[in-house]
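Breakdown of the fold
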Amino acid sequence: MLRVGLTGGIGSGKSEVAARLTSRGAVLIDADVAARQVVVPGSPGLAQIVAAFGDDVLRPGGSLDRERLGAIVFGDPGRRDQLNAIVHPLVRQWMDAAERTAVQTAGTPGPVIVHDVPLLAESRGKGGFDLVVVVDVPPELQVDRLVRLRGMTPEQARARMAAQASREQRLAVADVVIDNSGSLDDLDRRVTEVWADLVHLLKPTRNVRPPTYS
């Protein structure tokens with residue numbers, strides 16, 4: 001088994017990389033999926049959030065109103081830290097359980113398991129991964145994509161980026177960097193190269209530090 005942490009800033013194209021790795025045979029464990037699962041109605045996670053932020057963060061049907069909760073924590077680092085202290089441990093537990101299930105159903109030498117963690121640099125760093133893959137683009141391209149593809153204003157885009165780890169912080173935890181500032185064909189070629197190295201690292205004699213792609 002090879003445990004890979006995958007991360008990248010908003011607008012970097014991390015989801016495109018995750019999809020391409022999955023199509024090549026990786027088992028994907030998505031932190032965003034985990035974050036939704038641990039706060040479903042009736043869950044201890046949702047109960048903790050309501051206790052901390054009040055009933056106003058619930059929709060009429062009892063589910064979490066993510067937009068309202070986001071409005072509370074987005075501009076307040078203290079409240080954001082409070083939310084993260086609730087959610088991050090639950091997300092990690094969910095992802096660990098999903099990994100155990102993947103390992104139990106796999107053969108030998110085991111799967112390449114990719115943990116898609118948007119806030120990896122903020123929440124856990126290398127976190128026991130065999131290696132960390134960072135999808136990287138220049139900040140100005142992040143802003144352009146968020147404006148063109150998600151309908152944000154430039155100010156909104158920069159504010160969302162500022163709420164995440166800096167580019168330098170993400171690169172500091174990277175073993176492999178995938179530059180996604182080019183075309184999708186360029187990305188396909190880079191992911192193919194990275195996948196070949198991941199499969200090679202599954203072999204028992206892995207002792208070579210993975211290369212960096214840029």
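Every chain is numbered independently, its residues counted from 1 as its sequence is written. Local features in this predicted model are restricted to residues whose pLDDT is 70 or higher, and side-chain atom pairs enter the listing and the counts only when it is 80 or higher, whereas totals over whole chains, interfaces and linings include all residues. With hydrogens and water excluded, all non-hydrogen atoms of the structure serve as input to the side-chain values.

What about the nonpolar core?
Ranked by size, the top nonpolar core spans 30 residues in total, and within it Ile 49, Leu 69 and Val 91 carry the most contacts. Secondary structure is summarised from DSSP: a helix means a run of H or I of at least four residues, a strand means a run of E of at least two, and numbering begins at the N terminus for each. Within the residue set of this core, elements represented by two or more residues are helix 2 (31-37), helix 3 (44-53), helix 4 (66-73), helix 5 (77-104) and strand 4 (131-136). Here this core takes seven residues from helix 5, the largest share from any one element. Throughout, a contact is declared for two residues whenever any of their heavy atoms are within 4.5 Å. With residues up to four places along the chain from it excluded, the contact list for Ile 49 reads Val 39, Gly 54, Val 57, Leu 64, Leu 69, Leu 83, Ile 86 and Val 87. In this description, a nonpolar core means a group of buried Ala, Val, Leu, Ile, Met, Phe, Trp, Tyr and Cys residues linked to one another through side-chain atoms lying within 4.5 Å. Categorising residues by exposure relies on relative accessible area from a 1.4 Å probe, with only protein chains included: less than 20% of the type maximum marks a residue as buried, more than 50% marks it as exposed, and the intermediate range marks it as partly exposed. Judged by nonpolar contacts, the second largest core, of 21 residues, contains Leu 6, Val 176, Leu 198 and Leu 202.

Some thoughts on helix 5
To estimate the expected span of a helix, subtract one from its residue number and multiply by 1.5 Å. Its 28 residues place the ends of helix 5 39 Å apart at the C-alpha level, agreeing with the 40 Å of an ideal helix rising 1.5 Å per residue. The seven residues ending at a residue and the seven starting there each receive a fitted axis; the angle between those axes is the bend at that residue. Approximately 30° is the largest bend angle found in helix 5, and it occurs at Asn 84. All buried positions along helix 5 are accounted for by Leu 83, Ile 86, Val 87, Leu 90, Val 91, Met 95, Glu 99 and Ala 102. The secondary structure elements touched by the buried residues of helix 5 are strand 1 (2-8), strand 2 (27-30), helix 2, helix 3, helix 4 and strand 3 (112-116). N or O atoms closer than or at 3.5 Å make up a polar contact, with two conditions inside protein: a donor-capable atom paired with an acceptor-capable one, and, for residues adjacent in sequence, both atoms drawn from side chains. N-cap assignment for helix 5: the residue whose side-chain oxygen lies 3.1 Å from the backbone N of Gly 78 is Asp 76.

A short note on the pairing of strand 3
Extensive coverage of strand 3 is indicated by the burial of five of its five residues. Judged by which residues are buried, strand 3 turns out to be covered on both faces: Val 112, Val 114 and Asp 116 on one side and Ile 113 and His 115 on the other are all buried. Judged from the five bridges that link them, strand 1 and strand 3 form a sheet pairing that is parallel. From the neighbouring strand, Leu 6 faces strand 3, where its bridge partner is Asp 116. Being paired, for any two strands, means DSSP has found at least two bridges between them. As paired elements, strand 2 and strand 3 share four bridges and run parallel to each other. Each residue of the ladder has a partner; that of Ile 29, found in strand 3, is His 115.

None of the figures reported here should be taken as evidence of function without further support.
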